[in-house]
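# Observations on the model geometry
Residue-level listing of the chains:
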Amino acid sequence: MFDYVAVKEQRIPVTAEADIVIAGGGPAGIGAAIAAGREGARTILIERMFYLGGALTGGLVSKIAISHRNRGIAAELLERLDRYQGTSFIQNRPEVPVDPELAKLILDRMVIDEAGTEVRFGSVLSQAAAEGREIKALLVSSINGLQGIRAKYFIDCTGDGQLNFLAGGASMIGNDEGGPGSAPTLMFRIAGVDVDRFIDAQEKNEEEYRSARTRHSPKEMRELYQGDRYVFFADYLPFLQRRLEENPEMFSPWEQKILRTRGLIFLNQPQRGVLLVNSTRILGFRGGDVLELSGAMAEGRRQIETIFRFMKTFLPGFEHAIIMDTGNLLGIRESRRAAGDQVLLETDISGAARFDDAVASNDGGIELHSPTGPGLKGSRLGKGEYYHIPYRCLVARDFDNLFIAGRCFSAGHAALSAARSIGNCIALGQAAGSAGAQLVRDGKTNVRHIDIRALQEKLAPVL
Ligand SMILES: Cc1cc2nc3c(=O)[nH]c(=O)nc-3n(C[C@H](O)[C@H](O)[C@H](O)COP(=O)(O)OP(=O)(O)OC[C@H]3O[C@@H](n4cnc5c(N)ncnc54)[C@H](O)[C@@H]3O)c2cc1C
């Protein structure tokens, strides 16, 4: 049991008011802000970090997966990034490598300058003041201290369903059976790699580098790398195993286990010589506890040190590589999700479900990262197939003025693994922002009073 401290009744100044307040400026938050702003809603977005993009930028998840039907804000962002870089990475749809630092600059332009959103950085959502089914205000902690912000509608884009949770709404966490969910990864980028030399080595000795997950021949790798295309390098497990056997003293038993868990998984980035490494895995993670989160970050960095040391020692072309950066947000695939009016289920994905109140279409398949060890369980949809995400999955069950968008939307463990791509999270944000703007325009006070046909017309690019 806890010990408690009593706090004197506090009066918190309400310093701002808006039509729509968005908590969290990751992919879902930016989709929501841009859509709401473009439709004339007065919008405030609060973000605890000092940049937009969430996992995409701060978590270094710098490869956007986007459904073949999505022509919405996510596609606009990809086009803007290419134009700025003078590249054509968008040709890689459905998987597009991006530069996370450049994305920060472009997102400021799109959200703050063009959509007119008031963005408050360094602002942590700390409490939510709810009366019955209505959320009245958010309490936000920043350099100003604790301040209240009122709005007609709120959108929870925190990734962790933090707004819904603080307001007392029901949540789901983990694998639907009380166990941990998909394992998180702390991403890192390395620079100074001679990628051509690494490809040369594979060309000279294809067998040495081949593994069960090899996707491209060395010749294809070279063509893709030279032509602004996505190259998936994975996972070199037999090579790794041989080097560990030849050098048994070089890595401790714990380090060997880390190296064998996922092997070496990395991809190219828009800058030459820079690679994004997706090889760490934190086991047994649920995502609702500060000590768990802190431990996961520290362990992620320990794993990075091990994986990087192996790469620099044994991979040709990596001799002069440096760690360019490590995620300053943990790459959380799944944590708390808010319970909505409907829960998207695995059968909706496998059955390519259609719903009358659809607000987005997606084509990502199941991708479950084992929470207990090596392994990935997945399935893909057939070519051209897709499923709908219904409006009811964006409506928080316990409130009348709260939307939930992004990876904390109302989905079961397996369904979320299919629907959590950045492209889809931006689309869900776009849907919630557009819905909020319509409700404000029409003077409605309940998210369930939406004119769904009018909303679907606006959302045609993501449907
Ligand atoms: C390791 C990994 C690899 C992935 N690979 C891919 C991939 O290749 N392609 C792809 O498309 N997707 C990929 N994904 C999925 C994708 O990155 C996420 O699902 C997506 O970023 C979720 O977007 P979001 O906006 O819902 O949440 P997030 O990106 O988590 O953003 C949430 C935002 O809310 C802010 N926030 C949280 N709490 C508060 C608070 N209390 N107050 C204020 N602000 C707060 C955070 O700082 C953050 O900016 C991957 C995910 C992981 C973890």
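Note that residues are indexed from 1 along each chain, following the sequence as it is written. Owing to the predicted nature of the model, reporting of local features is limited to residues with pLDDT of at least 70; listing and counting of side-chain atom pairs is limited to 80 or more, with chain, interface and lining totals taken over all residues. Note that the side-chain values use all heavy atoms of the structure and ignore hydrogens as well as water.

## As for the overall build of the protein
A helix here means a DSSP run of H or I that spans at least four residues, while a strand means a run of E at least two residues long, and both kinds are numbered starting from the N terminus. Counting its secondary structure elements, the protein contains 14 helices and 20 strands. Taking 23 Å as the expected radius of gyration for a compact globule of 463 residues, we find that the protein reaches 22 Å, a close match to that expectation. Referenced to the eigenvectors of the C-alpha coordinate spread, the extents of the protein come out at roughly 70 × 55 × 40 Å. Note on exposure labels: buried denotes an accessible area under 20% of the residue type's maximum, exposed denotes more than 50%, and partly exposed covers the range between, all computed with a 1.4 Å probe on protein chains only. Within the protein, buried positions represent 59% of all 463 residues. Any two residues whose heavy atoms approach within 4.5 Å are treated as being in contact. Taking all contacts inside the protein whose residues are at least 6 apart in sequence as the whole, residues at least 24 apart take part in 74%. What sets the accessible areas is the Shrake-Rupley method with a 1.4 Å probe; for residues, cover comes only from the shown protein chains. Here the protein has roughly 19,100 Å² of accessible surface; of this, 51% comes from carbon and sulfur atoms. Each charge class in the protein can be summarised by its mean position, and for the 55 positive and 57 negative side chains these summaries are 1 Å apart. Using C-alpha atoms as the atom set, the radius of gyration is obtained and then compared with a globule rule of 2.2 Å times the number of residues to the power 0.38. Charged residues are defined narrowly, with Lys and Arg counted positive, Asp and Glu counted negative, and His plus the chain ends left uncounted. Lysine's charge is taken at NZ, arginine's at CZ, aspartate's at CG and glutamate's at CD.

## What about the packing of aromatic side chains?
Each Phe, Tyr or Trp ring (for Trp, its six-membered ring) is paired with any other whose centre lies within 6.5 Å, and the angle between the two planes then decides the class: stacked below 30 degrees, edge-to-face above 60, tilted in between. A full pass over the atoms with the stated rule returns 18 aromatic pairs. Ring plane angle 40° and centroid distance 6.5 Å describe the contact between Phe50 and Phe121, whose orientation is recorded as tilted. Of the two residues, Phe50 sits in the loop between strand 2 (43–46) and strand 3 (63–65) while Phe121 sits in the loop between strand 5 (118–120) and strand 6 (124–131), which places them 71 residues apart along the sequence. Aromatic side chains Tyr153 and Phe403 sit 6.4 Å apart centroid to centroid with 40° between the ring planes, which places their arrangement in the tilted category. Of this pair, Tyr153 sits in strand 8 (residues 145–156) while Phe403 sits in strand 20 (residues 402–404), and the two are 250 residues apart along the sequence.

## Some points on the site of the ligand
Summary of the distance rule: residues count as near a molecule or strand when at least one heavy atom falls within 4 Å of that molecule or strand. Lining the immediate surroundings of the ligand are 30 residues, of which Glu47, Lys63, Ala65, Arg420 and Ile422 lie closest. Contact distances for the ligand include 2.9 Å between an oxygen atom and a backbone N or O atom of Ala55. The term polar contact refers here to a pair of N or O atoms within 3.5 Å; inside protein, the definition further demands a hydrogen-donor-capable atom paired with an acceptor-capable atom, and it admits residues adjacent in sequence only when both atoms are side-chain atoms. Between the ligand and Arg420 there is a distance of 2.6 Å, counted from an oxygen atom to a backbone nitrogen or oxygen. Burial of the ligand by the surrounding chains reaches 95%, relative to a free accessible area of 1,000 Å². Counting only elements with at least two residues in the shell around the ligand, the list comes to helix 1 (27–38), strand 3, strand 6 and helix 13 (422–441). Per-element accounting of the shell around the ligand gives the leading share, three residues, to strand 3. Here the residues of the shell around the ligand are counted per class, giving 13 nonpolar, eleven polar and six charged. The nonpolar class holds Ala, Val, Leu, Ile, Met, Phe, Trp, Tyr, Cys and Pro. Asp, Glu, Lys and Arg form the charged class, and all remaining residues, Gly among them, are polar.

## Details of unusual backbone geometry
A cis amide bond, omega 15°, links Arg93 with the succeeding residue Pro94. Of note, Pro94 is situated in the loop between helix 2 (73–85) and strand 4 (95–97). Phi at Asp176 is positive, roughly 75°, even though this residue is not glycine. Relative to the helices and strands, Asp176 is located in the loop between strand 9 (171–172) and strand 10 (188–191).

## Some remarks on the domain arrangement of the protein
Looking at the assigned domains, one finds that the protein contains domain 1 (14–179 + 334–462) and domain 2 (188–326). Each of domain 1 and domain 2 has a C-alpha centre, and the two are 30 Å apart. Contacts between domain 1 and domain 2 engage 30 residues on the former and 25 residues on the latter. Summing both sides of the interface, domain 1 and domain 2 together bury roughly 2,200 Å²; the carbon and sulfur share of this comes to 50%. Salt bridge criterion: a side-chain nitrogen from Lys or Arg within 4 Å of a carboxyl oxygen from Asp or Glu. Applying the counting rule to domain 1 against domain 2 returns zero salt bridges. If you look at where domain 1 meets domain 2, you find 13 residue pairs in polar contact (both at pLDDT 80 or more). Mapped by element, the contributors of at least two residues to the side of domain 1 that touches domain 2 are strand 4 and helix 3 (100–114). The domain boundaries here were taken from an automatic or database domain assignment. Here the buried area means the combined drop in accessible surface, using a 1.4 Å probe, for two parts upon being joined, counting both sides.

## Examining the pattern of salt bridges
Applying the stated criterion to the full structure yields 30 salt bridges. In this structure, a network of salt bridges that share partners links the residues Arg133, Asp341, Asp400 and Arg448.

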